[in-house]
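Summary of the model geometry
Here's the letter readout for the chains.
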Amino acid sequence: TATPGDAAAVVVVSGGNQSDTVKRALALPLVAKVTDQFGNAVSDATVTWRRTAGSGALSGTSSVTGADGLATVRYTLGAVSGVETITASVPGASAPASFTETALAGAPALIAAVTGNAQTARVLQPLAPFVVKVTDDNGNPVSGVTVTWKSTNGTLSETTTTNALGQSSNTMTAGSVAGTATATATAAGKSVT
């Protein structure tokens, strides 16, 4: 009976390139396969799992391959949106297997002024743009959110949309009456003036 040789390679089988909202467990487990130099599955090999980018959490730091050479682990995305990377390594393999996942921002929850507050302009003249930022509960920017604007003693666009940075801008023209003018931006049920 010929048996597999020592572990020589570890590769991604499935579970890579998933995306979900921050702080959520990925739907599919990460699966890696360990083989010898001839491509035969190696059983009872200890695979070490490590997060190398992002802020998520593994269900364990190691797992052992079955008869099919497969080892699995579960992964929960971190609180910060962006790319997360996990590696699977085994002694004897020339390089680890690398899984790339994406944490997406949650629902819009907060809006804050970035720039444009406390300006002065002559009547009927435009002010510098007002910029606001919309974020989720964890402070991640949320794109594609409609921001509703209202003004007193001035005119501006009624709605704008946030960009990839979660920011949206609007330019107000001062009204015809000298005195205080205000602009209020609303998104996700929250407002900033």
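Residues numbered from 1 in each chain as written. Predicted model: local features only at pLDDT ≥ 70, side-chain atom pairs only at ≥ 80, totals over all residues. Heavy atoms only, no water.

Here we look at the overall build of the protein
Applicable threshold: Secondary structure elements follow DSSP: runs of H or I no shorter than four residues count as helices, runs of E no shorter than two count as strands, and numbering proceeds from the N terminus. For the radius of gyration, the atoms used are the C-alpha atoms, and the globule rule reads 2.2 Å times the number of residues raised to 0.38. Three labels apply to residues, based on accessible area from a 1.4 Å probe with only protein chains included: buried if under 20% of the type maximum, exposed if over 50%, partly exposed otherwise in between. Every accessible area reported is derived by Shrake-Rupley at a probe size of 1.4 Å, with residue values counting cover from the shown protein chains alone. By the counting scheme adopted, Arg and Lys are positive, Glu and Asp are negative, and His together with the chain ends is not counted. Where a charge lies is defined by one atom per residue type, namely NZ (Lys), CZ (Arg), CG (Asp) and CD (Glu).
Looking only at helices and strands, the protein features 0 helices and 19 strands. Here the protein has a C-alpha radius of gyration of 26 Å; the compact-globule value for 193 residues is 16 Å, and the former is much larger. With the principal axes as the frame, the protein shows a C-alpha extent of 95 × 25 × 20 Å. Here the protein holds 193 residues, and 34% of them are scored as buried. For the protein, the computed accessible surface area is about 10,300 Å², with 51% contributed by carbon and sulfur atoms. Across the protein, the centroid of the 10 positively charged side chains sits 15 Å from that of the 10 negatively charged ones.

Things to note about the pairing of strand 9 (residues 82-89)
When a strand is regular, its side chains alternate between the sheet's two faces. The condition that has to hold: Here, any two strands with at least 2 DSSP bridges between them count as paired.
Alignment of strand 4 (residues 46-53) against strand 9, held across 5 bridges, turns out to be antiparallel. Along strand 9, the bridge assignment pairs R50 with T87. Here strand 9 pairs with strand 10 (residues 97-104) via 7 bridges, running antiparallel. When the bridges of strand 10 are listed, G82 appears paired with A103.

A short note on the nonpolar core
Put simply, the rule reads: Put simply, a nonpolar core is a bunch of buried Ala, Val, Leu, Ile, Met, Phe, Trp, Tyr and Cys residues held in one set by side-chain atoms that sit within 4.5 Å of each other. Pairs of residues are marked as contacts when any of their non-hydrogen atoms sit within 4.5 Å.
Counting 22 residues, the largest nonpolar core has V10, L30, V34, W49, A88, V90 and F99 as its most contacted members. Elements with a minimum of two residues in this core: strand 3 (30-35), strand 4, strand 7 (70-73), strand 9 and strand 10. If we skip the residues at most four places from it in the chain, V34 touches A7, A9, V10, N40, A41, V42, A45, V47, T65, G69 and V90. Counting residues in hydrophobic clusters, the runner-up holds 15 residues, among them L127, V147, M172 and A187.

Observations concerning the packing of aromatic side chains
Under the convention used in this document: When the centres of two rings from Phe, Tyr and Trp lie within 6.5 Å, Trp using its six-membered ring, the rings pair. Their planes under 30 degrees apart give stacked, over 60 give edge-to-face, and anything left gives tilted.
Under the definition given, this model contains 1 aromatic pair. Judged by centre distance (5.7 Å) and plane angle (45 degrees), the rings of W49 and F99 are tilted. Placement of the pair is W49 in strand 4 and F99 in strand 10, with a sequence separation of 50 residues. Judged by its relative accessible area of 0%, F99 is buried.

Some details on the sheet that holds strand 6 (residues 62-64)
Heads up, the rule is: Axis definition: a line fit to C-alpha positions, over the contact stretch in the case of helices; interaxial angles, taken between N-to-C directions, run 0 to 180 degrees.
Read from one edge to the other, the open sheet built from 5 strands follows the order 2-10-9-4-6, with strand pairing classed as mixed. The two strands at the open ends of the sheet, each matched to only one other strand, are strand 2 (19-21) and strand 6. Put simply, the sheet's adjacent strands are angled 30 degrees from each other on average, direction ignored.

What about the sheet that holds strand 15 (residues 159-161)?
The 4 strands lie next to each other as 15-13-18-19, forming an open sheet whose pairing is antiparallel. The sheet is open, and its two borders are formed by strand 15 and strand 19 (190-192), each paired with just one other strand. The mean inter-strand angle of the sheet, taken between neighbouring strand axes irrespective of direction, is 30 degrees. In the sheet, strand 13 (residues 146-152) pairs with strand 18 (residues 182-187) via 5 bridges, with the strands oriented antiparallel. Pairing of T152 across the sheet is with T182, part of strand 18.

Let's talk about the environment of S176
Topologically, S176 is positioned in the loop between strand 17 (173-174) and strand 18. Remark: the alpha-carbon pair of S176 and G154, spanning 22 residues in sequence, is separated by 7.8 Å. The contacts of S176, once residues within four sequence positions are left out, are V123, L124 and N153.

Section: the side chain of D36
Keep this limit in mind: Any Lys or Arg side-chain nitrogen located within 4 Å of an Asp or Glu carboxyl oxygen qualifies as a salt bridge.
With respect to the helices and strands, the residue D36 is situated in the loop between strand 3 and strand 4. The charged side chain of D36 is buried without a salt bridge, its nearest counter-charge being K33 at 9.6 Å. Among residues more than four places away in sequence, those in contact with D36 are P4, G5, D6, A8 and V42.

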